[in-house]
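Structural features, examined
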Amino acid sequence: MTVLDSLFTFTVAATLLTLTPGLDTALILRTAAAEGGKKAFQAVLGIDTGCLIWGAMVAFGLGALIAISELAFNILKWCGVLYLCWLGIQMIWRPNSDLGGENSSSAKISNWFIKGMLGNVLNPKVGVFYVSFLPQFIPQGYSPIIWTFGLVAIHVMLGTLWSLILIYATRPLSHILRRGNVIKWMNRATGGLFLFFAFNLALSRR
């Protein structure tokens, strides 16, 4: 496989992966609709950072440990499950609470950045996916470390572009989506999705 073939094939595959709805999509849409584009973009940056952290771990071999070690996988998996359950229950139990909106204190400015980052970092399936997926697109004779970071950067760029589209798509309806009852419903619905993703993660295996 040539360099151009690798880049093209990976870009197509990563685009399809990015467009598949999941936890990141739910987090971005909820935050954009309820709290605005600025907070949603913080979540996007957090998600991107989580991908880059996994990219670094895969590039330097730590991701392989998650892929081959049942204990390491399970420890990270259950940390992710507990985190998603905590986040989901919080949004269902306190749907009207300020989860990082305009009136948050300065200490909570990066609230959604942290949530976006942890959502990826605590999901071992991301690491296993990178370990099994990225090497297929590294041309023979090239540096695995450099190419791993390059491919992850492409994935992050595609994810950012798609996230910006989602954020701007909520703008025309922002005056409706930010009403108290609507925010309450969205928080509970998103919390339910988080619990669903936590359940799926709990059932996952390497």
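Reference entry: report on the structure contained in this document. Just so it is clear, the structure is predicted and the values come from calculations on it, not from any experiment.

So, about the overall build of the protein. Scanning the protein from N- to C-terminus turns up 10 helices and zero strands. Seen in sequence order, the protein has helices and strands lined up from the N terminus as α-α-α-α-α-α-α-α-α-α. Within the protein, the proportion of its 206 residues that are buried is 47%. Restricting the contact set of the protein to residue pairs at least 6 apart, pairs at least 24 apart contribute 84%. Of the roughly 10,900 Å² of accessible surface on the protein, 70% is carried by carbon and sulfur atoms.

Let us now look at the packing of aromatic side chains. Within this structure, the stated rule accounts for eight aromatic pairs. Between Phe 10 and Phe 133 the ring centres are 5.9 Å apart and the planes differ by 45°, which places this aromatic pair in the tilted class. With Phe 10 in helix H1 (residues 3-19) and Phe 133 in helix H7 (residues 124-133), this pair connects stretches of sequence that are 123 residues apart. Both rings, one in Phe 129 and one in Tyr 130, keep their centres 6.2 Å apart while their planes meet at 45°; by these two values the pair is tilted. Residue class for Phe 129 comes out partly exposed when judged on its relative accessible area of 27%. Every member of this aromatic cluster is reached through a ring pair, and the members are Phe 10, Phe 129, Tyr 130, Phe 133 and Phe 137. Between the NZ or CZ atom of Lys 115 and the centre of the ring of Trp 112, over which it lies, the distance is 4.4 Å.

With that settled, consider the environment of Leu 87. Along the polypeptide, Leu 87 turns up in helix H5 (residues 70-93). As for Leu 87 and Thr 190, which are separated by 103 residues in sequence, their C-alpha atoms are 9.6 Å apart. Excluding anything up to four places from it in sequence, Leu 87 contacts Lys 115 and Phe 194.

This part covers the environment of Lys 115. Here Lys 115 shows up in helix H6 (residues 111-121). According to the relative accessible area criterion, Lys 115 is buried, its value standing at 7%. Distance from Lys 115 to Leu 84, taken between C-alpha atoms, is 9.6 Å for residues 31 residues apart in sequence.

Locating Leu 203 in the fold gives a position in helix H10 (residues 180-203). Taking the C-alpha atoms as reference points, Leu 203 and Val 81, separated by 122 residues in sequence, lie 9.9 Å from one another.

In a regular helix each residue adds 1.5 Å, so 24 residues correspond to 34 Å; H5 covers 33 Å between its end C-alpha atoms and thus fits that length. Every buried residue of H5 is listed here: Ala 72, Phe 73, Leu 76, Lys 77, Gly 80, Val 81, Tyr 83, Leu 84, Leu 87, Gly 88, Gln 90 and Met 91.

Looking now at the packing of H1 against helix H8 (residues 144-169). One can describe the packing of H1 onto H8 by two numbers: an axis separation of 10 Å at closest approach and a directional angle of 40°. Classed by the angle they form, the pair H1 and H8 counts as oblique. Considering how the two elements wind past one another, H1 and H8 form a crossing that is right-handed. Contact residues: Val 3, Ser 6, Leu 7, Phe 10, Thr 11, Ala 14, Thr 15, Leu 17, Thr 18 and Leu 19 in H1; Trp 147, Leu 151, Ile 154, His 155, Leu 158, Gly 159 and Trp 162 in H8.

So, about the side chain of Glu 35. For Glu 35, the position within the fold is in helix H2 (residues 23-35). Residue Glu 35 is classed as buried on the basis of its relative accessible area, which comes to 8%. Of the polar contacts made by the side chain of Glu 35, one reaches the side chain of Arg 30; its length is 2.6 Å. A polar contact is formed between the side chain of Glu 35 and the side chain of Trp 112, at a distance of 3.1 Å.

Conventions used here
Residues numbered from 1 in each chain as written. Predicted model: local features only at pLDDT ≥ 70, side-chain atom pairs only at ≥ 80, totals over all residues. Heavy atoms only, no water. Helix = DSSP H or I, 4+ residues; strand = E, 2+ residues; numbered from the N terminus. Buried < 20%, exposed > 50% of the residue type's maximum accessible area, 1.4 Å probe, protein only. Contact = heavy atoms within 4.5 Å. Areas by Shrake-Rupley, 256 points an atom, 1.4 Å probe, with all protein chains shown as cover. Phe/Tyr/Trp six-rings, centres within 6.5 Å; stacked < 30°, edge-to-face > 60°. Lys NZ or Arg CZ within 6 Å of the ring centre and 35° of its normal. Expected span 1.5 Å × (residues − 1). Axes fitted to C-alpha atoms, helices over the stretch in contact; angles between N-to-C directions. Parallel < 35°, antiparallel > 145°, perpendicular 65-115°, else oblique. Left-handed = near helix turned anticlockwise from the far one by under 90°. Polar contact = N/O pair within 3.5 Å; in protein donor to acceptor, adjacent residues only side chain to side chain.

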